[in-house]
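Secondary and tertiary structure notes
Next come the chains, spelled out residue by residue.
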Amino acid sequence: MSERAALVLFSGGQDSTVCLAWALALFDKVETIGFDYGQRHRAELDQRQVILAKMKDWPGTLGQLGPDTVLKLPSLAEISETALTRATEITFAQSGLPTTFVPGRNLLFLTYAAALAYRRGIATLVGGMCETDFSGYPDCRNDTIQALARAVSLGLDRQVAIETPLMYVDKAGTWALAHELGGDALVNLIIADTHTCYLGDRAHLHAWGSGCGTCPACELRAKGYEAWRTMRN
Ligand code: ZN
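So, here's what we can say about the structure. Keep in mind that what you see is a predicted model, and the values were worked out from it rather than measured.

A word on the environment of Tyr 118
- By the secondary structure assignment, Tyr 118 is in helix α4 (residues 105–120).
- Along the chain, Tyr 118 and Arg 158 lie 40 residues apart, while their C-alpha atoms are 8.2 Å from each other.
- Not counting residues within four places of it along the chain, the set of residues in contact with Tyr 118 comprises Leu 156 and Arg 158.

Focus on the side chain of Thr 32
- Along the chain, Thr 32 turns up in strand β2 (residues 29–36).
- A distance of 2.8 Å separates polar atoms of two side chains, one belonging to Thr 32 and the other to Asp 68.
- Setting aside anything within four residues of it in sequence, one finds Thr 32 in contact with Leu 7, Val 8, Phe 10, Leu 20, Arg 48, Leu 52, Leu 65, Pro 67, Asp 68 and Thr 69.

What about the packing of aromatic side chains?
- On inspection of all chains with the given rule, the structure shows six aromatic pairs.
- One aromatic cluster is present, built from ring pairs that chain together Phe 35, Tyr 37 and Phe 109.
- Lying over the aromatic face of Phe 27, Arg 4 brings its terminal NZ or CZ to 4.9 Å of the ring centre.
- Its guanidinium or amino end placed over the ring of Tyr 118, Arg 158 lies 4.0 Å from that ring's centre, counting from NZ or CZ.

Regarding the coordination of the zinc ion
- Taken together, the protein donors to the zinc ion comprise Cys 197 (SG), Cys 212 (SG), Cys 215 (SG) and Cys 218 (SG), at separations of 2.3 to 2.4 Å.
- Seen from the zinc ion, its four donor atoms lie at angles of 106 to 117°, and the figure they make is tetrahedral.
- All donor residues of the zinc ion come from one chain, and their arrangement in sequence is C-x14-C-x2-C-x2-C. Highlighted residues: Cys 197 in the loop between α6 (171–193) and β6 (205–206) and Cys 218 in helix α7 (residues 216–232), separated in sequence by 21 residues.
- Given the relative accessible area of 1%, Cys 197 is considered buried.
- Judged by relative accessible area, which is 0%, Cys 218 ranks as buried.

Structural notes on unusual backbone geometry
- Positive phi is not limited to glycine here, since Asp 157 has a value of about 55°.
- Tracing the chain through its elements places Asp 157 in the loop between α5 (142–156) and β5 (161–163).
- Among the residues examined, Asp 157 registers a relative accessible area of 71% and is labelled exposed.

Things to note about the nonpolar core
- Counting residues in hydrophobic clusters, the biggest one holds 65 residues, and the most contacted among them are Leu 9, Leu 20, Met 55 and Leu 125.
- By residue number, the principal contributor to this core is α6, which donates nine residues.
- Excluding anything up to four places from it in sequence, Leu 20 contacts Val 8, Phe 10, Val 30, Thr 32, Leu 52, Met 55 and Leu 65.

Regarding the pairing of β2
- The buried fraction of β2 amounts to seven of the eight residues, a majority that puts the element mostly inside the structure.
- Relative to strand β3 (residues 64–72), β2 runs parallel, the two being bridged by seven bridges. Across the sheet, Thr 32 pairs through a bridge with Asp 68, a residue of β3.

Side note on helix α2 (residues 43–55)
- Over its 13 residues, α2 runs 18 Å from end to end, which matches the ideal 18 Å to within 8%, given 1.5 Å per residue.
- Three or more residues of α2 are buried, namely Ala 43, Leu 45, Gln 47, Arg 48, Ile 51, Leu 52 and Met 55.
- In the core, the buried residues of α2 are packed alongside α1 (14–26), β2, β3 and α6.

Observations regarding the packing of α4 against α5
- At a minimum axis separation of 11 Å, α4 and α5 run at an interaxial angle of 40°. Judged by the twist between their axes, the crossing of α4 over α5 is right-handed. Within the contact between the two elements, α4 uses Leu 107, Leu 110, Thr 111, Ala 114 and Tyr 118 and α5 uses Thr 144, Ile 145, Leu 148, Val 152 and Leu 156.
- Taken together, the residues of the contact of α4 with α5 break down into eight nonpolar, two polar and no charged.

Quick word on the pattern of salt bridges
- Per the counting criterion, the structure on display carries five salt bridges.
- Among the ionic pairs, Arg 48 bridges to Asp 68, the shortest N-O distance being 2.7 Å. Residue Arg 48 is located in helix α2, and its partner Asp 68 is located in strand β3; the two are separated by 20 residues in the primary sequence.
- Since its relative accessible area comes to 0%, Arg 48 is described here as buried.
- For Asp 193, the salt bridge is made with Lys 54, and the minimal N-O distance between the two is 2.7 Å. Pair noted here: Asp 193 is in helix α6 and Lys 54 is in helix α2, with a separation of 139 residues, a long-range link.
- Among the residues examined, Asp 193 registers a relative accessible area of 8% and is labelled buried.
- Since its relative accessible area comes to 44%, Lys 54 is described here as partly exposed.

Criteria and thresholds
- Residues numbered from 1 in each chain as written.
- Predicted model: local features only at pLDDT ≥ 70, side-chain atom pairs only at ≥ 80, totals over all residues.
- Heavy atoms only, no water.
- Helix = DSSP H or I, 4+ residues; strand = E, 2+ residues; numbered from the N terminus.
- Contact = heavy atoms within 4.5 Å.
- Polar contact = N/O pair within 3.5 Å; in protein donor to acceptor, adjacent residues only side chain to side chain.
- Phe/Tyr/Trp six-rings, centres within 6.5 Å; stacked < 30°, edge-to-face > 60°.
- Lys NZ or Arg CZ within 6 Å of the ring centre and 35° of its normal.
- Donors = N, O, S within 2.8 Å, 3.2 Å for Na, K, Ca; no water.
- Tetrahedral: all angles 85-135°; square planar, octahedral: opposite > 155°, others 65-115°.
- Buried < 20%, exposed > 50% of the residue type's maximum accessible area, 1.4 Å probe, protein only.
- Core = buried A, V, L, I, M, F, W, Y, C linked by side-chain atoms within 4.5 Å.
- Pairing = 2+ DSSP bridges.
- Expected span 1.5 Å × (residues − 1).
- Axes fitted to C-alpha atoms, helices over the stretch in contact; angles between N-to-C directions.
- Left-handed = near helix turned anticlockwise from the far one by under 90°.
- Nonpolar A, V, L, I, M, F, W, Y, C, P; charged D, E, K, R; others polar.
- Salt bridge = Lys/Arg side-chain N within 4 Å of Asp/Glu carboxyl O.

What follows is the structure, given as structure tokens:
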């Protein structure tokens, strides 16, 4: 088993792209995994290929970008009745969680990723889970992630680490980390190619990237970008 290999959960969004750059700076070999779970729009899945092509020979990184795997998880859409998989309005459900929340989604993604990593001889998973902005998502919390790392380590009888470089970083900090890792080139790639918008809008270009500009994901991304720009000046 290679100690210096990582498998990055890569969705094509801003956070997982920063995680990919982070992994490329720290690991010799980096592979990626994505999930096709019947998302209402395919913009993210399309953008991941664009980003991977550009990251292939990313200058100044240590790691080699290896194979990408996309797993189809159609059963997730069968289970969940949420705004990402059905054409329902994005509002907060009675539970207080956004209706975009797919119950336990990250637990499933990480478990599938751990199974693939086992087959590929990779001991480290990297994910963009974050407590700071979406504290409503209980499967993004550090306690959850570390408990799962222990469960999959026991279940696979092999030590699996789950690294979450963005766990305590807010959206402004994510832009700052991107700049730290890859300078303006990485920031520009994130603006141009990563996808965040819940509505799958890639027609409207803003300073912070493409999106409708009004859904919660766009608002968060725009606010973070503005805060980071203010910090820099
Ligand atoms: Zn949007």
